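Survey of secondary and tertiary structure
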Amino acid sequence: MEKILSVKNLSKTFNGVRAVNNISFSVAKGEIVGLLGPNGAGKTTTIQMILGLIKPTRGTITVFGKNLETHRMEILSEVNFSSAYISLPGNLKVWENLYTFARLYGVKNYKKRVEELARFFEITPLLSKLYVRLSSGQATRVNLAKALLNSPKLLFLDEPTSSLDPDIADRVRKLLKKIQKEQALTILYTTHNMIEVEELCDRAIFIHQGKIVTEGTPKQLIKRFGLKDLNEVFIKIARKS
Amino acid sequence: MKWHRIYALLLRYLYLYPRSVPRILDIFFWPVTDLLVWGFLTIYLQNIQPDAPYFGRMLLGSLILWNFTNRSQQGISIAFLEEIWEKNLINIFITPISLKEFLAATILVGLARIAVLGTFLGTAAFLMFHFNLLSFGWYLVPFILNLFVFGWVLGLFATSIIMRFGQSAQVLAFTLTVILMPFAAVFYPVSVLPPVVKHISLALPISHIFEGMRSVVLQQSLSPDTIVIASVLNIIWLIVALSLFFFMFEYMREKGQLSKLVD
Ligand SMILES: Nc1ncnc2c1ncn2[C@@H]1O[C@H](COP(=O)(O)OP(=O)(O)OP(=O)(O)O)[C@@H](O)[C@H]1O
Ligand SMILES: [Mg+2]
């Protein structure tokens, strides 16, 4: 399997505190991998290091076979990211936001691309609204549209569904699954919703206190721990220390 | 450097203006208030000192030129703060944009702001107080260029401070030029300053520009040295400010502050 992302001996220390402690993993093309773990486990730090937003203390990150330190711009043009904890400028209209990012990514025919994504995420009627006026579920869908503007090969989603109602969350998962199937999109995903992981992820990596504790398909993990579901696995891992 | 990315950011900032009255007022309000105060003062001065008409020209010239520095400084600081306020720094910096392209966009925003403001203030001063900014002739070009660049230097400093100390330091972004004003010999010559302050003043490129402007008004001439000194000082300041800016950006990456500055 072609490796899209590979992380080796990655560590990050903030003022003496080890947020990420020597982790290594890789993600194959077309996989949806869940990065799971309790609050403060180091998930966001890991993702932000792979996006070049945080400088690792140690370790190497390879994306599309290229080293992140030396090929950052090249890599970033084919990667994207969305999260519940960031937002787009509220004082811009939705279309202004999407056009801006499409231009930043150098998307050809960007007006058409925005139209396509707007239809896909059912946000066409929202395009002329100010982003700040959107409900959180609407904003999340706009964020996801932004994250797909450049037709990324690798997508990072940090708790993308945490502000969504169960209905919209379900629709977002189905949409992601659909895109993954159609375009062999690779996704690294964090969430605290274990049902979501069972439904969406091909594989899950559990981290705790900056270290990888276990990894495998959701089924393998449930079996390995001899538990009923992934939720119980999570709780067991979280309470181990 | 890719133009499409610079253009994207430029539009992103320009989108904001047409629909925001406070933003438009922000460009015009203070400069116009200043113009009125100083304009009426010059009329008063002319009444009590009719044999010194150059006073009015100097004051109004200083005032308008000062605004070039002040507004250019705000151009970059506010662009950066805008992204912090809107929690947009991450979105911007995970696109393939480079820091240089980001800076280029802020320069263009600053230029657009001072072009609009300069034209407006120049016209208003002419219509209300019979002051013709264009009477400085070609000297205006090096004057404005130097004032603009130094404003940008101050913007880089203010932004670096915000990167280091977070949003609580944002008040600096708005006051840095004001703090510097007494040292910059805007309305009075460097010669009236006490010796220690004089040294500080002479280290600032814009002091030389204001001295030069007064020389044009009083002697109708300007030594080319003045422009050379101002430009060399500006280049030195610019190198320092840019180094600091890039250093602080790396510092933010090191400390994981790019997403935390919003807090
Ligand atoms: N910029 C920072 N400066 C200092 N410490 C940080 C910084 N960012 C994260 N940390 C610390 O690093 C650890 C990991 O944080 P991180 O945000 O990666 O956790 P997470 O797994 O995403 O948690 P959550 O599920 O709550 O989102 C935490 O202890 C956190 O306090
Ligand atoms: Mg997190």
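Residues numbered from 1 in each chain as written. Chains lettered and ligands numbered in written order. Predicted model: local features only at pLDDT ≥ 70, side-chain atom pairs only at ≥ 80, totals over all residues. Heavy atoms only, no water.

In the neighbourhood of ligand 1, 15 residues make up the surrounding shell, with A:Asn39, A:Gly40, A:Lys43, A:Thr44 and A:Thr45 lying closest. Site remark: ligand 1 is flanked by residues from chains A and B. Here an oxygen atom of ligand 1 sits 2.8 Å away from a polar atom, N or O, in the main chain of A:Gly40. Take A:Thr44: an N or O atom from its side chain is 2.7 Å from an oxygen atom of ligand 1. Contact with the protein chains covers 72% of the free accessible surface of ligand 1, which is 640 Å². For the shell around ligand 1, the element with the most residues is helix α1 (residues 43-50) of chain A, which contributes three residues. (Near = heavy atom within 4 Å. Polar contact = N/O pair within 3.5 Å; in protein donor to acceptor, adjacent residues only side chain to side chain. Areas by Shrake-Rupley, 256 points an atom, 1.4 Å probe, with all protein chains shown as cover. Helix = DSSP H or I, 4+ residues; strand = E, 2+ residues; numbered from the N terminus.)

Take the packing of helix α3 (residues 94-104) of chain A against helix α4 (residues 110-120) of chain A next. All names here are of chain A. Packing of α3 against α4 leaves a shortest axis separation of 10 Å and a crossing angle of 125°. One finds that α3 runs oblique with respect to α4. Between α3 and α4 the crossing geometry is right-handed. Contact residues: Leu98, Tyr99, Ala102 and Arg103 in α3; Tyr110, Lys111 and Val114 in α4. By residue class, the composition of the contact of α3 with α4 is five nonpolar, no polar and two charged. (Axes fitted to C-alpha atoms, helices over the stretch in contact; angles between N-to-C directions. Parallel < 35°, antiparallel > 145°, perpendicular 65-115°, else oblique. Left-handed = near helix turned anticlockwise from the far one by under 90°. Contact = heavy atoms within 4.5 Å. Nonpolar A, V, L, I, M, F, W, Y, C, P; charged D, E, K, R; others polar.)

As a further point, take unusual backbone geometry. All names here are of chain A. Look at Glu122: it is not a glycine, yet its phi comes out positive at around 55°. With respect to the helices, strands and loops of the structure, Glu122 is situated in the loop between α4 and α5 (136-148). A positive phi angle is found at Ser151, which is not glycine, with a value near 40°. Secondary-structure assignment places Ser151 in the loop between α5 and β7 (154-158). Overall, the relative accessible area of 41% leaves Ser151 in the partly exposed class. (Buried < 20%, exposed > 50% of the residue type's maximum accessible area, 1.4 Å probe, protein only.)

By convention, interface size is frequently given as the accessible area that disappears when the constituent parts associate. Residue and element names in this part refer to chain A. Parsing chain A into structural domains produces domain 1 (3-78 + 152-238) and domain 2 (88-151). Its C-alpha centre places domain 1 at a distance of 24 Å from the equivalent point of domain 2. At the interface, 17 residues of domain 1 touch 13 residues of domain 2. Each partner contributes to the roughly 1200 Å² buried at the junction of domain 1 and domain 2, and carbon and sulfur atoms together form 68% of this total. When residues of domain 1 are sorted by the area they lose upon contact with domain 2, Pro152, Leu175 and Ile179 head the list and together hold 34% of the total. Seen at the junction of domain 1 and domain 2, the total is one salt bridge. Arg171 is paired through a salt bridge with Glu122; the nearest N and O atoms lie 2.8 Å apart. At the junction of domain 1 and domain 2, the tally comes to two residue pairs in polar contact (both at pLDDT 80 or more). Mapped by element, the contributors of at least two residues to the side of domain 1 that touches domain 2 are β7 and α6 (166-183). Tallied by class, the residues present in the side of domain 1 that touches domain 2 amount to 11 nonpolar, two polar and four charged. (Domains from an automatic or database assignment. Buried area = accessible area lost by both parts, 1.4 Å probe. Salt bridge = Lys/Arg side-chain N within 4 Å of Asp/Glu carboxyl O.)

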